[in-house]
Amino acid sequence: MDTDVLIVGAGPTGLMLANQLVLRGVRAVIIDRHAGPSLQTRALGVQARTLEIYAQLGIVERALALGKRGTGANIWAQGRRMARVPLGEAGQAVTPYPFILILGQDDNERIMGDKLRELGLSVQWNTELVGLAQQPDGVTATLKHPDGTSRNIRAGWVAGCDGARSAVRELSGIAFPGAPYEHVFFVADVGATGSMVADEVNVYLWRKGFHLLFPMRGRDHWRIVGILPPSLRGRDDATFEAVIPSLRTEAGAGLSFQACSWFSTYRIHHRAAARFRDRRCFLLGDAAHIHSPVGAQGMNTGLQDAYNLAWKLALVVQGRAAPALLDSYEDERIPIARRLLNTTDRAFRLIVSDSRLAGLFRTKVIARIAAFGLSRPRLQRLGFRGVSQTAIHYRKSPLSKSLDGPPAAAPRAGDRFPWLRLKFRPDGAIEDSFQQLDDTRFQLLLFGQLSPPAGALDPGDLLRLHVIPADPVNDAELARAQIPQPSFYLLRPDGHVGLCGARLEIAAIEHYLSERLHLRE
Ligand SMILES: Cc1cc2nc3c(=O)[nH]c(=O)nc-3n(C[C@H](O)[C@H](O)[C@H](O)COP(=O)(O)OP(=O)(O)OC[C@H]3O[C@@H](n4cnc5c(N)ncnc54)[C@H](O)[C@@H]3O)c2cc1C
């Protein structure tokens, strides 16, 4: 075998997977058909859940230093600011990163690529996957180079992170049902001044469409996304100058533009692969699902696909878990992709529909509902949890088991375990739970109960035990997060709860590890 895992595609999804696998000691090869990293910004919004993963990987500080924190979103209609969503307040109890980080995809790729090199792996550029043949114990991949030469490589597993036109998906015969939207979109990076609230996302709704303005690094630097005006549709020569009149009409006559550094038009599809796996080949990121840019979810979802698969693949490659564990990748990630497709599709159709009724709805009703709903802290929190991807859960996964039916509001099996500030040692300082938890292992957290007797649980190097001491600070924090006492939570390496219950039962833990996770002794 030449490598344990062949990663096809060095976009954000492939780079995240490569980092996670190498960090876990897996031999991986990562290839890309392009000559080098992409220079296009493309995705811009980095969600809180992604930043939490970046923190575990040790790259969050660099991302924060390079990006711009969008702490609010403003909705405009008919020249008036109708609503403001204060992301900072809505998310401050949820995550250490209560904002959307505006950081271009090219910067995200550079940061992950640098980290990967630091861990000892580089992307093999100019290398295109053109053939796949699966055997019971591995996959033979045929790789082609620009000079026309080709070679075969044998890998235990193949990860298709190769984007919307995925060769892995096509060579595996996996269908990609869906359709393109009829509208053509434009994207422009410009220097601009106008009514926009600085450093915040600005959404301008109008009768015939919308304009989204994202603040970019530097002063008066904006990314504008919108629908191409009807008069420009079907033309290949559309320019930014040609869309300025519609922008001025809808987003304010006072808009003035200094320079446009990037302008592009594109059509969007909504599609999800029928399966995310064919035996030893997996699909992740845009290879598995593509949807409208509403909510800035695309890149973030691909990164989470990689985070979900990496720890499972590492355990299987290292012989510590049976391959049956890998079935849970598709079980967990297909429902997320389908839900995302449905919600972004519905929202998208509403904001792009050409009908007069939809136009009125957009400018009168949506704006008012938004103004009303988004002024309610509870709805703000719900909205933040959804968009930030911190609410994603795997409650229906075969890997999720809640014993003793926890109270309805308590975190349960499948949830991302909440962010807490706790004293991990009696008389110790208050610490950030996410900094205490190590995503290369399982974590067993005990609340309101004593440590099991020495030797009762043999955690080995895969499991870390945290017995949270009784303390008024801890009691208050656990009450806030609705975590009952006594309780125990067994967290998977990706921070989701695998098993939970009231009093710790060693036999239940052992049974869970062997029967649900298929871990080997
Ligand atoms: C204009 C635009 C704006 C967008 N805005 C947003 C946004 O605001 N927020 C958001 O979350 N998402 C946004 N997206 C979507 C986002 O860019 C994608 O979701 C993201 O790029 C997916 O990453 P990926 O790594 O899965 O795929 P990609 O980024 O497409 O990477 C796939 C890689 O695979 C390589 N490859 C392909 N075939 C082969 C092969 N046969 N052999 C070897 N290598 C191969 C390609 O060269 C490429 O580098 C936007 C997309 C576009 C086009």
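Here is what the cut-offs are and how they apply
Residues numbered from 1 in each chain as written. Predicted model: local features only at pLDDT ≥ 70, side-chain atom pairs only at ≥ 80, totals over all residues. Heavy atoms only, no water. Phe/Tyr/Trp six-rings, centres within 6.5 Å; stacked < 30°, edge-to-face > 60°. Helix = DSSP H or I, 4+ residues; strand = E, 2+ residues; numbered from the N terminus. Buried < 20%, exposed > 50% of the residue type's maximum accessible area, 1.4 Å probe, protein only. Lys NZ or Arg CZ within 6 Å of the ring centre and 35° of its normal.

Student: Sorry, what's going on with the packing of aromatic side chains here?
Tutor: The geometry of an aromatic ring pair comes down to the distance between the two centres and the angle between the two planes. Summed over the entire model, instances satisfying the criterion amount to 14 aromatic pairs. Note on W76 and Y204: the rings are 5.3 Å apart at their centroids and 20 degrees apart in plane angle, and the pair reads as stacked. Taken together, the residues span a long stretch of sequence, with W76 in strand β5 (residues 72-77) and Y204 in strand β12 (residues 201-206) at a distance of 128 residues. Of the two residues examined, W76 and Y204, each falls in the buried class. Geometrically, the ring pair formed by F240 and F257 is edge-to-face, given 5.2 Å between the ring centres and 90 degrees between the ring planes. With F240 in helix α7 (residues 240-251) and F257 in strand β15 (residues 256-272), this pair connects stretches of sequence that are 17 residues apart. Judged by its relative accessible area of 18%, F257 falls in the buried class. Put simply, the rings of W157, F276, F282 and Y329 pair up and form one aromatic cluster. Between R421 and the ring centre of W419, over which it is positioned, the NZ or CZ distance is 3.9 Å.

Student: I would appreciate a short explanation of unusual backbone geometry in the present structure.
Tutor: The bulk of non-glycine residues show a negative phi, and the bulk of peptide bonds are trans. For the bond running from Q485 to P486, omega is -5 degrees, close enough to zero to count as cis. With respect to the helices and strands, the residue P486 is situated in the loop between α13 (472-480) and β24 (487-491). Unlike most non-glycine residues, Q389 shows phi in positive territory, near 65 degrees. Counting through the fold element by element, Q389 comes out in the loop between α11 (377-387) and β19 (401-402). The class for Q389 is buried, based on a relative accessible area of 3%. The phi dihedral of Q482 is positive, around 60 degrees, even though this residue is not glycine. The residue Q482 is located in the loop between α13 and β24 in this model. Here Q482 falls in the partly exposed class, since its relative accessible area comes to 44%.

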